[in-house]
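In case you want the letters, here they are:
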Amino acid sequence: MKKKLGFWKYGALGFQHVLAMYAGAVVVPLLVGPAIGMTAEQLTYLISIDLFCCGIASLLQVVGGKYFGIKLPILLGCAFQAVGPMIAIGKTSGIPAIYGAIIVSGIVVFILAQFMDKIVKFFPPVVTGSVVTIIGASLISAAFGDITGTAGTPGYASGTNLLLATITFVSIVIMNRFFKGYLKMIAVLLSLILGTVVASFMGLVDYSVVGKASWFHMVHPFRFGAPTFHLSAILSMVLVGIVSMIESTGVFFALGDIVGKKIEGKEIKLGLRSEGLAQVIGGIFQAFPYTTYSQNVGLVALTGVKSRKVVFSACVIIMALGLLPKVAALTTIIPNPVLGGAMIPMFGMVVASGVRQLAQVDFNRIENMFIIASSISIGVGVSIAPDVISKLPESIRMILGSGIVSGSIVAIVLNLLFNGLKVQEKKESKQEEAQLAS
């Protein structure tokens, strides 16, 4: 941005990012904690430390250093694909085994990141564009899931839910059409507030969770005991770490395209190293393995605010929420249909970014169209119908259970099959020669 923003404006824009990722950040502890037998007090701590570590993990990426951090406006959150393995490990080997596995997995990710610059050649525009499109399309189903609610529960797919989502979505459209400057930048935040206020008048906002929460909650490492190390648990979390690396690489390309930064092998290496460190920190503080959140990519595209200072402020807010449970509880009162309505344009912007990358592809070659069609179809298909692989062995389901990963694998394999590496390298050299000539 050319115009410098003030302290409070950076804070409000950062808070927008917090709201975009908050639900995803807290849903993992809410699923894992009760499943492995945690008490209400332990679960409260787990949510708090999760938020605190989200902030630390994100700062590693945003601020970065000489050997880690991609230095893009990125937020990290707990990896959802780790839910199943963590529950399984907790039930069979105990809670300390979960964190021993997370620590070792983080170290493995950090080491593997060293070699990621060697495989950038596997990600030409036909692959990255397909992957980014899959990311956005997969997220859209989550947005509509928030709007409809859970099948079989009161209010499922009700007109009230649709009304709240519509009010939120339409308000974003109106604000982006008629507002200018800073007000346009925080259109998502204003729409979330508006939607929550409307829901409150309808009696759909529960404030009791705020009253029950404590004011301050200190965090410290190894709260649940010293970590233990079991080979089967470690292998499970390493698989989760590799899956996260593949997903994050796609997100790096998506965000790099949005902010106008070319993502090459060095940047991917730094970004994935940071994720490895984040996982180690998650294990030490006994939170979760952390990965790049694609939700916030859509927000960057929608607002047009690409400054790392905004995400830095979001990191500070998240860490503060981790220490102040009562304040953190305020963000939980936003009804899911309101969040879903705001997510529609945000996640749609990720799809648009993927389409923009695909514009660089030669569509005169039927092979490229086949790669795009197959990878997006499989990626989105697995996302909306995960039961299609439910009969496969668990080790395979852990990898292919993510539509983003399934689609990415298909795109990479088909690109190698139809285009190969030498063809791509020749095309890139010709493009470089043409650019130099012009």
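Calculation criteria
- Residues numbered from 1 in each chain as written.
- Predicted model: local features only at pLDDT ≥ 70, side-chain atom pairs only at ≥ 80, totals over all residues.
- Heavy atoms only, no water.
- Helix = DSSP H or I, 4+ residues; strand = E, 2+ residues; numbered from the N terminus.
- Buried < 20%, exposed > 50% of the residue type's maximum accessible area, 1.4 Å probe, protein only.
- Contact = heavy atoms within 4.5 Å.
- Areas by Shrake-Rupley, 256 points an atom, 1.4 Å probe, with all protein chains shown as cover.
- Expected span 1.5 Å × (residues − 1).
- Disulfide = S-S within 2.5 Å.
- Phe/Tyr/Trp six-rings, centres within 6.5 Å; stacked < 30°, edge-to-face > 60°.
- Lys NZ or Arg CZ within 6 Å of the ring centre and 35° of its normal.
- Salt bridge = Lys/Arg side-chain N within 4 Å of Asp/Glu carboxyl O.
- Axes fitted to C-alpha atoms, helices over the stretch in contact; angles between N-to-C directions.
- Parallel < 35°, antiparallel > 145°, perpendicular 65-115°, else oblique.
- Left-handed = near helix turned anticlockwise from the far one by under 90°.
- Nonpolar A, V, L, I, M, F, W, Y, C, P; charged D, E, K, R; others polar.

**Student:** For the overall build of the chain, give the residues involved together with the corresponding values.
**Tutor:** Within the chain one finds 19 helices and two strands. Counting the 438 residues in the chain, one finds 52% classified as buried. Expressed as a percentage of contacts within the chain between residues at least 6 apart in sequence, the contacts between residues at least 24 apart total 84%. Put simply, the chain shows about 19,300 Å² of open surface, and 68% of that area lies on carbon and sulfur atoms.

**Student:** Would you mind going over helix α4 (residues 95-112) in detail, with residue names and values included?
**Tutor:** Every α-helix carries 3.6 residues per turn, so stepping three or four residues along brings you back to the same face. Here α4 spans 26 Å end to end across 18 residues, near enough to the 26 Å set by a 1.5 Å rise per residue. Within α4, the full set of buried residues consists of Ile-95, Ala-97, Ile-98, Tyr-99, Gly-100, Ala-101, Ile-102, Ile-103, Ser-105, Gly-106 and Val-109.

**Student:** Any details on the environment of Leu-272? Residues and values, ideally.
**Tutor:** One can find Leu-272 in helix α11 (residues 265-284). By relative accessible area, which is 0% here, Leu-272 ends up buried. Spatially, the C-alpha atom of Leu-272 lies 9.3 Å from that of Thr-292, the residues being 20 residues apart in sequence. Beyond its immediate sequence surroundings of up to four residues, Leu-272 is in contact with Val-109, Ala-113, Met-116, Met-245, Ser-248, Thr-249 and Phe-252.

**Student:** Which residues make up the state of the cysteines, and what are the values?
**Tutor:** Considering all chains together, one arrives at zero disulfides under this definition. No disulfide involves Cys-315; its nearest neighbouring cysteine sulfur is the one of Cys-54, lying 9.6 Å away. Its relative accessible area of 0% is what places Cys-315 among the buried residues.

**Student:** Before we move on, could you go through the packing of aromatic side chains and cite the residues and values that matter?
**Tutor:** Under the definition given, this model contains two aromatic pairs. The positively charged end of Arg-177 is found above the aromatic ring belonging to Phe-178, 5.0 Å away from the centroid.

**Student:** Run through the pattern of salt bridges, naming residues and quoting values.
**Tutor:** Following the criterion strictly, the structure yields one salt bridge and no others. As a salt-bridge pair, Glu-367 and Arg-365 come within 3.8 Å of each other at their nearest N and O atoms. A relative accessible area of 26% means that Glu-367 is categorised as partly exposed.

**Student:** Break down the packing of helix α16 (residues 366-384) against helix α18 (residues 403-418) for me, citing the residues and quoting the values.
**Tutor:** At their nearest, the axes of α16 and α18 sit 7 Å apart, and the two run at 160° to each other. Judged by the inter-axis angle, α16 sits roughly antiparallel to α18. Handedness of the α16/α18 crossing: right-handed. Residues Glu-367, Phe-370, Ile-371, Ser-374, Ser-375, Ile-378, Gly-379, Val-382 and Ser-383 of α16 form the contact with α18, whose participating residues are Gly-403, Ile-404, Ser-406, Gly-407, Val-410, Ala-411, Leu-414, Asn-415 and Phe-418. Taken together, the residues of the contact of α16 with α18 sort by class into nine nonpolar, eight polar and one charged.

**Student:** Help me get a handle on unusual backbone geometry, residues and values and all.
**Tutor:** We note that Lys-71 has phi near 60°; this positive angle belongs to a residue other than glycine. Following the sequence through the fold, Lys-71 ends up in the loop between α2 (40-62) and β1 (76-78). Its relative accessible area of 35% is what places Lys-71 among the partly exposed residues. With phi around 60°, Gln-286 is a residue other than glycine that occupies positive phi space. As for its position among the elements, Gln-286 is in the loop between α11 and β2 (290-292).

So, to be careful, I would describe these as geometric facts and stop short of saying anything about function.
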